[in-house]
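Chain by chain, the residues run as shown.
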Amino acid sequence: QRVTQPEKLLSVFKGAPVELKCNYSYSGSPELFWYVQYSRQRLQLLLRHISRESIKGFTADLNKGETSFHLKKPFAQEEDSAMYYCALYNFNKFYFGSGTKLNVKP
Amino acid sequence: DGGITQSPKYLFRKEGQNVTLSCEQNLNHDAMYWYRQDPGQGLRLIYYSQIVNDFQKGDIAEGYSVSREKKESFPLTVTSAQKNPTAFYLCASTGRADSPLHFGNGTRLTVT
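To keep things clear, this report deals only with the structure shown in the data block. (Residues numbered from 1 in each chain as written. Chains lettered and ligands numbered in written order. Predicted model: local features only at pLDDT ≥ 70, side-chain atom pairs only at ≥ 80, totals over all residues. Heavy atoms only, no water.)

## Points about the nonpolar core
Ranked by size, the top nonpolar core spans 25 residues in total, and within it Trp34, Leu71 and Tyr84 of chain A carry the most contacts. Per-element accounting of this core gives the leading share, four residues, to strand S9 (residues 82–90) of chain A. Counting 20 residues, the second largest nonpolar core, distinct from the first, contains Leu21, Cys23, Ile46 and Ile60 of chain B. (Core = buried A, V, L, I, M, F, W, Y, C linked by side-chain atoms within 4.5 Å. Buried < 20%, exposed > 50% of the residue type's maximum accessible area, 1.4 Å probe, protein only. Helix = DSSP H or I, 4+ residues; strand = E, 2+ residues; numbered from the N terminus.)

Next comes the structure, spelled out in structure tokens:
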């Protein structure tokens, strides 16, 4: 199992759309998550695909054909600046991508 | 207030010494995990435990050891056999197999 986040750093201006990419390799029905780490805070869950929620304006759609679980937000805010990790759960293990640092400029 | 506590926040050791990182949770979670976080590499799994007195190796277990004598506690020992021990270590727990992880604040270990 592998989780790939191709972008180390993503910089956007406030109000611009943002998409953080996540691709996975897994043969089966994956359990996928997005975690976020704000400055000087602990890593925390942002959303998981089975709940199909929108948290803080973020959504993520599982595309099994493209094996992707990209995180999207239509209008980025400065407070969204953080480190984002995509994670896959399988057989009692959570596999994390290398993370993408999102920088939202004023 | 429930949560996961890792201590200490910063730890300094000389090369060749073993060091133990503490992780305690009061969430009544069965499963606990240790990850290592290095810049540009994300989180890599060291060890995990699904139940008391049982634990399994993760992807990078060499040079590390753990114990799970109590449900609340999952200490990690970084031994002198670990070639690159300087890193940020995260402990996490979850109550159900596929439930999201709850993380501690981490311990930054520096070995010189």
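Once you've had a look at it, read on.
## Regarding the interface of chain A and chain B
Contact residues are listed per partner, giving 19 residues for chain A and 23 residues for chain B. Interface area for chain A against chain B, summed over the two sides, is near 1,800 Å², with a carbon-plus-sulfur share of 53%. Per-residue buried area on chain A facing chain B is highest for Arg42, Asn92 and Phe94 of chain A; these three make up 33% of the total on that side. Connecting chain A to chain B are zero salt bridges. The interface formed by chain A and chain B contains seven residue pairs in polar contact (both at pLDDT 80 or more). Across the side of chain A that touches chain B, the residue classes tally to ten nonpolar, four polar and five charged. (Contact = heavy atoms within 4.5 Å. Buried area = accessible area lost by both parts, 1.4 Å probe. Salt bridge = Lys/Arg side-chain N within 4 Å of Asp/Glu carboxyl O. Polar contact = N/O pair within 3.5 Å; in protein donor to acceptor, adjacent residues only side chain to side chain. Nonpolar A, V, L, I, M, F, W, Y, C, P; charged D, E, K, R; others polar.)

## Quick word on the state of the cysteines
For the structure shown, the criterion picks out two disulfides over all chains. Residue pairing for Cys22 of chain A: its cysteine sulfur links by disulfide to Cys86 of chain A, the two sulfurs lying 2.0 Å apart. In this structure the cystine formed by Cys22 of chain A and Cys86 of chain A twists about its S-S bond by roughly -65°; its chirality is therefore left-handed. Residue Cys22 of chain A is located in the loop between strand S3 (18–20) and strand S4 (23–25), and its partner Cys86 of chain A is located in strand S9; the two are separated by 64 residues in the primary sequence. Disulfide pairing places Cys23 of chain B opposite Cys91 of chain B at an S-S distance of 1.9 Å. Note on the Cys23 of chain B and Cys91 of chain B pair: the S-S dihedral is about -75°, so by sign convention the disulfide is left-handed. Residue Cys23 of chain B is located in strand S3 (residues 19–25), and its partner Cys91 of chain B is located in strand S9 (residues 87–94); the two are separated by 68 residues in the primary sequence. (Disulfide = S-S within 2.5 Å.)

## Looking at the sheet that holds S3 of chain B
Residues and elements named next belong to chain B. The four strands are arranged S1-S3-S8-S7 in an open sheet whose pairing can be described as antiparallel. The open sheet terminates on both sides in strands that have one partner only, identified here as strand S1 (4–7) and strand S7 (64–66). Along the sheet, successive strands turn relative to each other by an average axial angle of 20°, direction set aside. In the sheet, S3 pairs with strand S8 (residues 76–78) via three bridges, with the strands oriented antiparallel. Bridge pairing links Thr20 to Thr77 in S8. (Pairing = 2+ DSSP bridges. Axes fitted to C-alpha atoms, helices over the stretch in contact; angles between N-to-C directions.)

## Regarding the packing of aromatic side chains
Summed over the entire model, instances satisfying the criterion amount to 14 aromatic pairs over all chains. Centroid distance Tyr35 of chain A to Phe96 of chain A: 5.5 Å. Interplanar angle 50°. Geometry classified as tilted. You can see Tyr35 of chain A sitting in strand S5 (residues 31–37) and its partner Phe96 of chain A sitting in strand S10 (residues 93–96), a full 61 residues away along the chain. Classification of Phe96 of chain A by relative accessible area gives buried; the value is 9%. Arranged with centres 5.9 Å apart and planes meeting at 10°, the rings of Tyr33 of chain B and Tyr48 of chain B form a pair that is stacked. (Phe/Tyr/Trp six-rings, centres within 6.5 Å; stacked < 30°, edge-to-face > 60°.)

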